[in-house]
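Reading the structure
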Amino acid sequence: MAVVWESLWITGGSRTGKTTRLVEQFCLWSQMYVGALNAPYSAPFQPKHPLQGLRPLVLAANGTNKRHLVDRITQASPGQYPFSATTIMGFFQAEVLLFWPLLIEALDLRAQFPQRLRPELEQELASQLWSPEIDSGKLTDFGRGRDRIVRTTLDLLQLAGLSGTPVEDLPSILERHQAFDAIGETTYTCMTEMLLRWQNWCQQRGLLTYGIIADLYWRHLLKHPTYQRHLLHQHRVILADDVDEYPAIARHLFEFLLENQVMGVFTYNPQGAVRLGLGADPKYLAQLQDRCQIEQLSPVEGLAETLGAEVLSWLNQDYGNFPDLSHSQQSVLAIETTSRAELLRRTATTIIEAVKNDQVQPQDIAIIAPGLDAIARYTIREILTHEGIALEEIQPQQPLITSSIVRSLLTLLALVYPGLGRLVDRDAIAEMLTIISSHIPESKHSSTSDPDSPAANFPIHNAIDPVRAGLLADHCFALDWQNPKLLPINAFPRWDRLGYRAANTYKYICEWLSLQQQKYHQNLLPSPVALLDRAIQEFFIPRVTGSPALIIDMNRPILKAFAQIDLLRELMETAIHFWDIYTRDKPQPSPLETVEITGQFIELLRRGVVTANPYPVGEMAVKAPAVTLATIFQYRVNHQSHSWHFWLDAGSPLWFQEGASSLWGAPVFLQDIQQQRQPWTSEDMMAANQQRLQRIVWDLLSRVSDRLYLCHSELSVNGQEQLGPLLPLVSSVPTR
């Protein structure tokens, strides 16, 4: 008798145990499979060996959730049952890379190994390819700057690929976008032609973006008979967590597997849809439940259970009527001020008092806002850390160029490679001298990776403060577009006033630069990547007992040291990727080409399009208890939950706006909108924003268990009065 198990659809709100139930089902099915090895398979492609196909495919919405899911499965079944885990986009990418030969044959592409483009380089190359259209003014009615036009056009390719929409159909699809921008049909046609040319240009060079990967997968690979046979042989069980965050083409994959008797477990959050507007299509994925046994999970205790229904009812009916939350007692409180600066101080002070009075621990507190500016981040961090309370931001995504360390390393590149003088000035030199001298270790470098390094000859001290650095930049920096350089210290007539330590440190930096310039002219400097690595090794990683070792300076907070490491890792990953792509067709570029590539790399980073999000390598140390700071989107997408919430800027209109959590034109790519064949109107947009607000409020209430502070200032950061949709809610609760 064949062994048949029905697929399972697990649905419930946040923190109802969906992932726990998925892990339990994984263990149960694995045990049942092992116990039924002798039973014949009912699948059309029967494995040659009974163990073949046992390896389940585990999918998650993003990398963070995938790592947590893998940890939970591993703890529940320590090494007993092998499985493959990836994100849904990681799965599409891996399959396209693995079966690239099939795509080469089907699309008549050049035989070469494919390589994925990072978003910042994708935008750079697309901008160069589309220069004729952009410079000619064909997209003037789009009403945005060059970088924004390029990014929005590339986002359309990604939305089309994730929704299963042919690129050729974009003009007709975008005509329904009149609710957002009044754009002529010729502009839509031009953008479509640009995308088709970009798509062909990338495919012929083996370059892949998320949009191209999605298009190749649903349009060509998933329909290929050879790939289909492999898919059914490889995966007999699939477990997908948080499918409400998956794109529409994921349903194509799941339906194919389920139709061929592959077992599936899917978890779905009706109040989730965090990535709606970024390519996810939760309603379309929800139709998969018709093929599964449905299991509804009960809600957990929290503010959503006690207050959620009443708040949601108010949001659904009339903003003019104030909700009555008097029964909430001390579970919901308001912090109201006139200025936002005072609000930030009051919020931080409330946290400090609660922690010192042992009402709550720092790790049980979250500060959540619809948007976080640099002022808010800095103010809250400074106030909390001054009182010994750590603050941890969830994926702050600050541009690399905001780091003085990164700027200093780029200045070194411009000083070593000739012809880059236009990219360095007096202020950059002063900053470089200050930053490098502050990171050079106090101890003598008894041994280095480079025996010719001047660091082995004398002790180095932290010596060049901003004042001395400014004097040196004024008197010892020779600005030259072809060969900018640092002059000997005696070019400053009063160099003796700098002090012994500052003079020695400056000489050391000059000698190191001179050594690298010599190696460049002797063709002993392989690439700018190698120079960056040498600079990091020399200036930012001390040497101990003759070998490189990563030393954490205990004089500064350990979390700050780890943040610095992340910056350096991301810089190196970006540099390696940039160099690999630009030298893909010319592995040995000429000196002139090397200088040109280096200059483009520096300019790319200075535009601020690269953020510090290196590939994760796991926890490097036990983190100190810290208050969490995040935007609404970051908090929800990482499935965080805390005992106390502080909703910053609760009266802001940003709660009702899509902002950065939605791409331009995203609604018209949803399958239910396309099937209706109706124009997307301003009323539709208002209704979508209203539903989004309801999901956000309910979801956040589900993620806080004990106390909620609604933090509101009458004036925003730019001085405007805040009259957001949650303002009546703020006014209906007691004020702290």
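See the structure shown above.
Residues numbered from 1 in each chain as written. Predicted model: local features only at pLDDT ≥ 70, side-chain atom pairs only at ≥ 80, totals over all residues. Heavy atoms only, no water.

1. Some points on the overall build of the chain
- In terms of helices and strands, the chain carries 27 helices and 18 strands.
- Put simply, the chain has 736 residues, and 54% of those count as buried.
- In the chain, 81% of the contacts between residues at least 6 apart in sequence involve partners at least 24 apart. (Helix = DSSP H or I, 4+ residues; strand = E, 2+ residues; numbered from the N terminus. Buried < 20%, exposed > 50% of the residue type's maximum accessible area, 1.4 Å probe, protein only. Contact = heavy atoms within 4.5 Å.)

2. Considering the packing of aromatic side chains
- All told, the structure shown has 21 aromatic pairs when counted by the stated rule.
- Residues Phe91 and Tyr217 carry aromatic rings whose centres are separated by 6.1 Å and whose planes lie at 70° to one another, so their mutual orientation is edge-to-face. Of this pair, Phe91 sits in helix 3 (residues 88–98) while Tyr217 is found in helix 10 (residues 210–221), placing the two residues 126 residues apart along the sequence.
- Residue class for Phe91 comes out buried when judged on its relative accessible area of 4%.
- Accessibility expressed as a relative area gives 0% for Tyr217, which makes it buried.
- Centroid distance Trp644 to Phe646: 6.5 Å. Interplanar angle 45°. Geometry classified as tilted. (Phe/Tyr/Trp six-rings, centres within 6.5 Å; stacked < 30°, edge-to-face > 60°.)

3. Some remarks on the sheet that holds strand 6 (residues 237–240)
- A sheet is described by the order of its strands in space; here six strands give the open sequence 3-2-6-7-1-8, paired in parallel fashion. Strands with a single pairing partner mark the edges of an open sheet, and in this sheet they are strand 3 (84–87) and strand 8 (293–296). When strand polarity is set aside, the average angle formed by the axes of neighbouring strands in this sheet is 15°.
- In this structure, strand 1 (residues 8–11) lies alongside strand 8, joined through four bridges in parallel fashion. Within strand 8, the residue paired with Trp9 across the bridge is Ile294.
- Contacting strand 2 (57–60) and strand 3, helix 3 crosses the sheet at an angle of about 105° to strand 3. (Pairing = 2+ DSSP bridges. Axes fitted to C-alpha atoms, helices over the stretch in contact; angles between N-to-C directions.)

4. Let's talk about the nonpolar core
- Trp198 and Phe254 are the most contacted members of the largest nonpolar core, which has 151 residues in total.
- Those residues in contact with Phe254, other than ones at most four positions away along the chain, are Leu59, Ile238, Ala240, Val243, Tyr246, Phe266, Leu285 and Leu288.
- Counting 30 residues, the second-largest nonpolar core is a separate cluster that includes Ala366, Ile632, Ala650 and Leu729. (Core = buried A, V, L, I, M, F, W, Y, C linked by side-chain atoms within 4.5 Å.)

5. Some thoughts on the sheet that holds strand 17 (residues 642–647)
- The strand order across the open sheet formed by six strands is 9-18-17-10-16-11, and the pairing between neighbours is parallel. On the outer flanks of this sheet lie strand 9 (332–337) and strand 11 (390–393), each paired with one strand and no other. Averaged over all pairs of adjacent strands, the angle between strand axes in this sheet comes to 20°, irrespective of strand direction.
- Taken together, the five bridges between strand 17 and strand 18 (residues 704–713) define a ladder with parallel strand orientation. Within strand 18, the position partnered with His645 by the bridge is Leu708.
- Together, strand 9, strand 10 (365–369), strand 16 (626–631), strand 17 and strand 18 form the strand contacts of helix 15 (residues 340–356), whose direction differs from that of strand 9 by roughly 140°.

6. A closer look at helix 21 (residues 528–539)
- An ideal rise of 1.5 Å per residue puts 16 Å on 12 residues; helix 21 measures up with 16 Å between its terminal C-alpha atoms.
- Within helix 21, nine of the 12 residues are buried, which leaves the element mostly enclosed by the surrounding structure. (Expected span 1.5 Å × (residues − 1).)

7. Notes on the pattern of salt bridges
- Inspection of the entire model under this criterion finds 29 salt bridges.
- The closest approach of N and O atoms between Glu122 and Arg151, which form a salt bridge, is 3.6 Å. Separated by 29 residues along the polypeptide, Glu122 in helix 5 (residues 119–129) and Arg151 in helix 7 (residues 146–163) bring together distant segments of the chain.
- The class of Arg151 is buried, set by a relative accessible area of 15%. (Salt bridge = Lys/Arg side-chain N within 4 Å of Asp/Glu carboxyl O.)

8. A few points about the state of the cysteines
- Under the defined criterion, the tally for this structure stands at zero disulfides.
- No disulfide involves Cys510; its sulfur sits 7.5 Å from the nearest other cysteine sulfur, which is in Cys476. (Disulfide = S-S within 2.5 Å.)

9. Focus on the environment of Gln296
- As for its placement among the helices and strands, Gln296 is situated in strand 8.
- Judged by its relative accessible area of 57%, Gln296 is exposed.
- Along the sequence, Gln296 and Tyr268 sit 28 residues apart, while their C-alpha atoms lie 9.9 Å from each other.
- Aside from chain neighbours lying at most four places away, what touches Gln296 is Thr11 and Gly12.

10. Observations regarding the environment of Gln395
- Checked against the element boundaries, Gln395 lands in the loop between strand 11 and helix 17 (404–416).
- Put simply, Gln395 and Thr631 are 236 residues apart on the chain and 9.5 Å apart in space, counted from C-alpha to C-alpha.

11. Concerning the packing of helix 7 against helix 10
- Two elements in contact, helix 7 and helix 10, have axes separated by 7 Å at closest approach and are oriented at 25°. On the basis of the axis angle, helix 7 is roughly parallel to helix 10. Of the two elements, helix 7 crosses helix 10, and the hand of that crossing is left-handed. Together, Leu157, Gln158, Ala160, Gly161 and Leu162 of helix 7 and Tyr210, Gly211, Ile212, Ala214, Asp215 and Trp218 of helix 10 make up the contact between the two elements. (Parallel < 35°, antiparallel > 145°, perpendicular 65-115°, else oblique. Left-handed = near helix turned anticlockwise from the far one by under 90°.)

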